[in-house]
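Remarks on the overall topology
Each chain, written out:
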Amino acid sequence: MFYLVLVALVAGFSLAQSEGGTTIERRVFEIAGKLRCPICVSESVAASSSQIAITMREEIQEQLEAGLSESQILAGFQASYGDWVLLEPPRRGVHLLVWLLPVAAGAAGLVLLIGFMRRWTRAAAEVPAASEAELERVREALDGDVDSE
Amino acid sequence: MAVVIAALGLLFLFGLRRGSPDRIITSNMLGQPVPAIELPVHSNLLTQYGSTFSLPADAAGRPVIINFWAEWCEPCRVEAPLLQDIWEAYGDEVLVLGVQTLDRGRQAAGRSFINEFGLTFPNVFDGDSRSGRAYGLFGVPETFFVNADGTLHEKHAGILTAELLERAVGALLN
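Residues and elements named next belong to chain B. Here helix α6 (residues 162-173) spans 16 Å end to end across 12 residues, near enough to the 16 Å set by a 1.5 Å rise per residue. Regarding α6, the residues found buried are Leu164, Leu165, Ala168, Val169 and Leu172. The buried side chains of α6 occupy one side of the element, clustering within an arc of 130° when seen end-on. Taken together, the buried residues of α6 touch β3 (64-69), α3 (74-90), β6 (142-146) and β7 (152-157).

As structure tokens, this is what we get:
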């Protein structure tokens, strides 16, 4: 019985350890994925194998283990590199343009499209009525076509 | 329609600017205290400076020129003699500190670099590049001009010239 309890305890402890390790690694890569590698071209710290990216991932892991939150960790890197280091621009100041301009452009496009569609449907509906003389000419032309066949 | 095109054009230009660290030569730390440094001194300079060099302690109240370099970096080879000239001319008034970084496991190559250029100013080894990261390094060479009070006066990304160094030293001493 004692051995059974011991085995269960060891198994439980190992499982908890491995889950903890996996969680912290996932968190490291999540946070690293939000940071731009300073010496790479269009690569995140998570994706880069450069030395400085490796160092940054190590720092993230240490800071997570020390109990820092994601925003505290990101703020630390911003202190060195500024907002540039964030792959997703912060939603304040001039960076708001990045978030607002696509929405504004989409809305403006939608308004233009609706305007054009209204104009087209109105133009189609406003076909001027033919006069009796014009209708007579059309009838004669059609009759002529039928006779010639 | 013109407004939409202009807005998208603006967004495109903004995106281009954000992705170009080589054009950002300023630092987010201008006017702020620079991160402390405590790194091992290269073994060929141990007798002059001891085993570890620390900032701000070892600056002893002097302004500091911190030059981040790597052994494989060609511009670093061009500017090393210029930094030695500044050290020989102003060493009593301005500390020059070389930091070998982005060069993990290549301390021996760094020692050869120091010997090749006869560098006598303190040079340390940033083996895991943590000091470089703390200073917001985008590459090498990068040089930080630090006021005597420990705040960042100026940062220069890229190769130094003798004129630039003279001007910067003059600004640090005024």
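Counted according to the given criterion, the structure contains 9 aromatic pairs over all chains. Seen from their ring centres, Phe116 of chain A and Trp120 of chain A are 6.0 Å apart, and the 20° between their planes marks the pair as stacked. Of the two residues, Phe116 of chain A and Trp120 of chain A are both situated in helix α4 (residues 96-125); the distance of 4 residues between them amounts to about one turn of the helix. Its relative accessible area of 35% is what places Phe116 of chain A among the partly exposed residues. Between Tyr49 of chain B and Phe53 of chain B the ring centres are 6.2 Å apart and the planes differ by 80°, which places this aromatic pair in the edge-to-face class. Its relative accessible area of 21% is what places Tyr49 of chain B among the partly exposed residues. In this structure an aromatic cluster arises from ring pairing among Tyr81 and Trp84 of chain A together with Phe138 of chain B.

The next subject is the pairing of β7 of chain B. All names here are of chain B. Bridge analysis of β6 against β7 gives 5 bridges, and the strand direction is antiparallel. Bridged to Val146 within β7 is Leu152. The turn linking β6 back onto β7 is made up of 5 residues, and Gly150 within it adopts a positive phi angle of 85°.

Right, let's get into the environment of Val64 of chain B. All names here are of chain B. Here Val64 shows up in strand β3. A relative accessible area of 4% places Val64 in the buried class. Taking the C-alpha atoms as reference points, Val64 and Thr151, 87 residues apart in sequence, are found 9.9 Å from one another. Excluding anything up to four places from it in sequence, Val64 contacts Leu55, Ala59, Leu95, Leu97, Phe144, Phe145, Val146 and Leu172.

The rules behind each value
As a convention, each chain's residues are numbered from 1 in the sequence order in which they are written. The naming scheme follows written order: chains are lettered A onward, ligands numbered 1 onward. Note on the predicted model: pLDDT of at least 70 is required for a residue's local features to be given, and 80 or more for side-chain atom pairs to be given and counted; whole-chain, interface and lining totals, by contrast, use all residues. Note that the side-chain values use all heavy atoms of the structure and ignore hydrogens as well as water. The helix and strand labels rest on DSSP assignments: H or I over at least four residues marks a helix, E over at least two residues marks a strand, and numbering proceeds from the N terminus. Helix span is expected to be 1.5 Å times the residue number reduced by one. The buried label goes to any residue with under 20% of its type's maximum accessible area, the exposed label to any with over 50%, and the partly exposed label to all in between, with areas taken from a 1.4 Å probe on protein chains only. Each direction from the helix axis to a C-beta atom contributes to the arc, which is the arc of those directions. Any two residues having at least one pair of non-hydrogen atoms within 4.5 Å are treated as being in contact. Note on aromatic pairs: the rings of Phe, Tyr and Trp (six-membered ring only in Trp) are paired at centre separations within 6.5 Å, and the planes decide the class, stacked below 30 degrees, edge-to-face beyond 60, tilted for the rest. A pair of strands is considered paired only if DSSP assigns at least 2 bridges between the two.

Shape is all these values report; function is a separate question.
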